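The primary structure of each chain is shown beneath.
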Amino acid sequence: MGYNRPLEVRSFFSPLFDVARTMLGTHEAFTRNAFRCCICGTEITRQQARSFQTCTSWKCRCEYRGRLRDQAKQAEARYEQALTQFRNGLCSTRNQLAGACGVEHPERFLPVCVPSYNAELVPMTADRREALRAFLLALLEDCTREADAAPDAHSETPDQAGGVDSSDHDAASETLAEFLTVACTCCGGHCCTDGGDHAYFTVDTMRQYIARHPDRSPDAIVDDYLQRVREETYIASCIYHSANGCSLPRPMRADLCNSFECYGLTHLRDQVAENAGTGLFIVATNQGQVMHHRFVEPLHQPDAPPGGS
Ligand code: SF4
Ligand code: SF4
Ligand SMILES: [Zn+2]
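The residue count restarts for each chain, going from 1 along the sequence in the order it is written. Here every chain gets a letter starting at A, and every ligand a number starting at 1, in the order they are written. Residue-level local features of this predicted model are given only where pLDDT is at least 70; pairs of side-chain atoms are given and counted only at 80 or more, and the full residue set underlies all totals for whole chains, interfaces and linings. Only hydrogens and water are removed before side-chain values are computed, so all heavy atoms of the structure are retained for them.

Focus: the site of ligand 1
- Around ligand 1 sit Val114, Pro115, Cys184, Cys187, Gly189, His190, Cys191, Cys262 and Leu265, and that is every residue in its neighbourhood.
- Working definition: helices are DSSP H or I runs of at least four residues, strands are E runs of at least two. Numbering for both runs from the N terminus. Those elements that provide at least two residues to the shell around ligand 1 are strand 3 (109-115) and helix 6 (171-187).
- Think of it as three bins: nonpolar holds Ala, Val, Leu, Ile, Met, Phe, Trp, Tyr, Cys and Pro, charged holds Asp, Glu, Lys and Arg, and polar takes everything else, Gly as well. Residue composition of the shell around ligand 1, grouped by class: 7 nonpolar, 2 polar and no charged. Put simply, a residue is near a molecule or strand once any heavy atom of it comes within 4 Å of that molecule or strand.

A short note on the site of ligand 2
- With respect to spatial proximity, the complete set of residues near ligand 2 consists of Cys192, Ala199, Tyr200, Cys238, Tyr240, His241, Cys246 and Cys257.
- When grouped by side-chain class, the residues that make up the shell around ligand 2 number 7 nonpolar, 1 polar and no charged.

Brief notes about the confidence of the model for the chain
- Averaged over every residue, the pLDDT of the chain is 84; residues scoring 70 or more account for 80%.
- As a per-residue measure, pLDDT reflects the predictor's confidence and takes values from 0 up to 100. Predicted confidence in the chain is weakest over helix 1 (residues 14-22), with a mean pLDDT of 49, and strongest over helix 8 (residues 218-227), with 98.
- Here residues 1-17 scores under 50 on pLDDT; set against residues more than four positions off or in separate chains, the count is 35 contacts. By the convention used here, residues are in contact when the closest approach between their heavy atoms is within 4.5 Å.

Some words on the sheet that holds strand 8 (residues 279-286)
- Paired strands, as defined in this entry, are two strands with at least two bridges between them according to DSSP. Read across the sheet, 3 strands follow the order 3-8-9 without closing on themselves; strand pairing throughout is mixed. Unpaired on one side and paired on the other, strand 3 and strand 9 (289-296) mark the two borders of the sheet. Pairs of neighbouring strands in the sheet enclose a mean axial angle of 20°, with direction left out of account.
- Where strand 8 and strand 9 come together, 7 bridges link them in antiparallel fashion. Its bridge partner lying in strand 9, Leu280 is registered against Val296.
- Along the sheet, helix 6 makes contact with strand 3, strand 8 and strand 9, crossing strand 8 at roughly 20°.
- A fitted line through C-alpha atoms serves as each axis, taken over the contacting stretch for helices, and the angle formed by two N-to-C directions is quoted from 0 to 180°. Across the sheet, helix 10 (residues 263-274) is in contact with strand 3 and strand 8; its angle to strand 3 comes to roughly 165°.

So, the side chain of Ser242
- Within the secondary structure, Ser242 sits in strand 6 (residues 241-242).
- Polar side-chain contacts of Ser242 include one of 2.8 Å to the backbone oxygen of Gly245.
- Setting aside its immediate chain neighbours within four residues, Ser242 contacts Leu121, Arg230, Glu232, Tyr234 and Ser247. Two N or O atoms count as a polar contact when they lie within 3.5 Å, although within protein this holds only if one can serve as hydrogen donor and the other as acceptor, and sequence-adjacent residues are included solely when both atoms are side-chain atoms.

Observations concerning the nonpolar core
- What we call a nonpolar core is a set of buried Ala, Val, Leu, Ile, Met, Phe, Trp, Tyr and Cys residues that are connected through their side-chain atoms within 4.5 Å. When a residue's accessible area, from a 1.4 Å probe over protein chains only, is under 20% of the maximum for its type it is buried; when over 50% it is exposed; and in between it is partly exposed. Membership of the largest hydrophobic core comes to 22 residues, with the highest contact counts inside it found for Leu132, Leu136, Phe201, Met206, Tyr225, Ile239 and Tyr240.
- Among the secondary structure elements, those contributing two or more residues to this core are helix 5 (126-149), helix 7 (203-212) and helix 8.
- Tallying contributions element by element places helix 5 first for this core, with 5 residues.
- Contacts of Phe201, omitting those with residues within four sequence positions, involve Leu132, Phe135, Leu136, Leu139, Met206, Tyr225, Tyr240, Leu248, Met252, Arg253 and Ala254.
- Counting 16 residues, the second largest nonpolar core, distinct from the first, contains Val114, Ala183, Cys186 and Leu265.

A few points about the coordination of the zinc ion (ligand 3)
- As a rule, N, O and S atoms within 2.8 Å of a metal are its donors, except that Na, K and Ca use 3.2 Å; water is not among the atoms, so sites may look incomplete. The zinc ion (ligand 3) binds to the protein through Cys37 (SG), Cys40 (SG), Cys55 (SG) and Cys60 (SG), with metal-donor distances spanning 2.3 to 2.4 Å.
- Key to geometry: four donors with every angle between 85 and 135 degrees are tetrahedral; four donors are square planar and six octahedral where opposite donors lie over 155 degrees apart and all remaining angles lie between 65 and 115; all other sites are irregular. Angles of 103 to 114° at the metal separate the 4 donor atoms of the zinc ion (ligand 3), which places the site in the tetrahedral class.
- Expressed as a motif, the donor residue spacing for the zinc ion (ligand 3) is C-x2-C-x14-C-x4-C. Of the two residues, Cys37 is situated in the loop between strand 1 (35-36) and strand 2 (43-44) and Cys55 in the loop between helix 3 (46-51) and helix 4 (58-101); the sequence distance between them amounts to 18 residues. By the burial criterion, Cys37 is buried, and Cys55 matches it.

Details of the packing of aromatic side chains
- Ring pairs are drawn from Phe, Tyr and Trp, using the six-membered ring of Trp, whenever the two centres fall within 6.5 Å, and their geometry is named by plane angle: stacked under 30 degrees, edge-to-face over 60, tilted for the rest. Counting across every chain of the model gives 6 aromatic pairs.
- Seen in terms of ring centroids, Phe201 and Tyr225 are 5.0 Å apart; in terms of plane orientation they differ by 75°. Their pairing is edge-to-face. Here Tyr225 lies in helix 8 and Phe201 lies in the loop between helix 6 and helix 7, a separation of 24 residues in the sequence.
- Residue Phe201 is classed as buried on the basis of its relative accessible area, which comes to 4%.

With respect to helix 6
- The length a helix should cover is 1.5 Å for every residue beyond the first. In a regular helix each residue adds 1.5 Å, so 17 residues correspond to 24 Å; helix 6 covers 24 Å between its end C-alpha atoms and thus fits that length.
- Residues of helix 6 that are buried: Ser173, Thr175, Leu176, Phe179, Leu180, Val182, Ala183, Cys186 and Cys187.
- Where helix 6 is buried, its residues meet strand 3, helix 10, strand 8 and strand 9.
- Downstream of helix 6 by one or two residues, Gly188 has phi in the positive range, about 90°.

Here we look at the environment of Gln271
- With respect to the helices and strands, Gln271 occurs in helix 10.
- Along the chain, Gln271 and Val112 lie 159 residues apart, while their C-alpha atoms are 8.2 Å from each other.
- Leaving out residues up to four positions away in the same chain, Gln271 has contacts with Leu110, Pro111, Val112, Thr278 and Leu280.

So this is what it looks like as structure tokens:
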């Protein structure tokens, strides 16, 4: 994976910022000292400026709401236009890269864009490990307290191992799971940056682990989790965010980690659901530059051509 010559891809969100900047008085309401009704010019309070931007006259408020509706329609139109341009840009990026990857008929691969995570790896510190240890112990204490208070309350804790439900383990779901994995691999964990030293663990996470390992003591459970921390992690990201991705197996992760899907993955799901059997061109971009890309085919298809970067 990797691509040396950056390609410009139109930033997907910039048109939305343009719209926000032009919304009636939004910015001014927080920065000015004197405020006026944006329709009739009467002086109003800061509070009024924040909520309605108008005086108390119903005529002004009706007109203001009408303007907001018009602006919302215009914003929607601009958003649609930006989306179309963005997707067209991805198609031409795909077509350019297909040649270099030996992929024929690139139009068979629908483009999907995800973010790209790029940061420095730094040595793990003892402080971070200690912070995680303290956090896990506190969660386990909460579990014990709850279990003492209501002994049968969580005896049927489900095993949320994450990933795809094995009861629906057909080729289509295998393909989807593979596509999702490739997309997150291309991205590198953009959504993990807020994981800190807590990795989104909750009392539920511990409860589920205890249910699967009823013989483990709290100290042993803490050790299980600490052992998964690598010697190096990305700077200012989750304690488990290592060079090879998340160093925790899925069953040990928080529910949030197993269920979260960014906009890119949601779009990927939609593409696969609406275009059964299609291939995907998955591209990870950072500030408009293509950082990684892959051409992926549905699984179990004969004669799949080579692809990828
Ligand atoms: S869910 Fe989205 S942001 Fe998170 S790793 Fe996957 S592609 Fe990246
Ligand atoms: S535990 Fe893994 S998936 Fe969850 S935030 Fe940390 S690195 Fe990301
Ligand atoms: Zn007015």
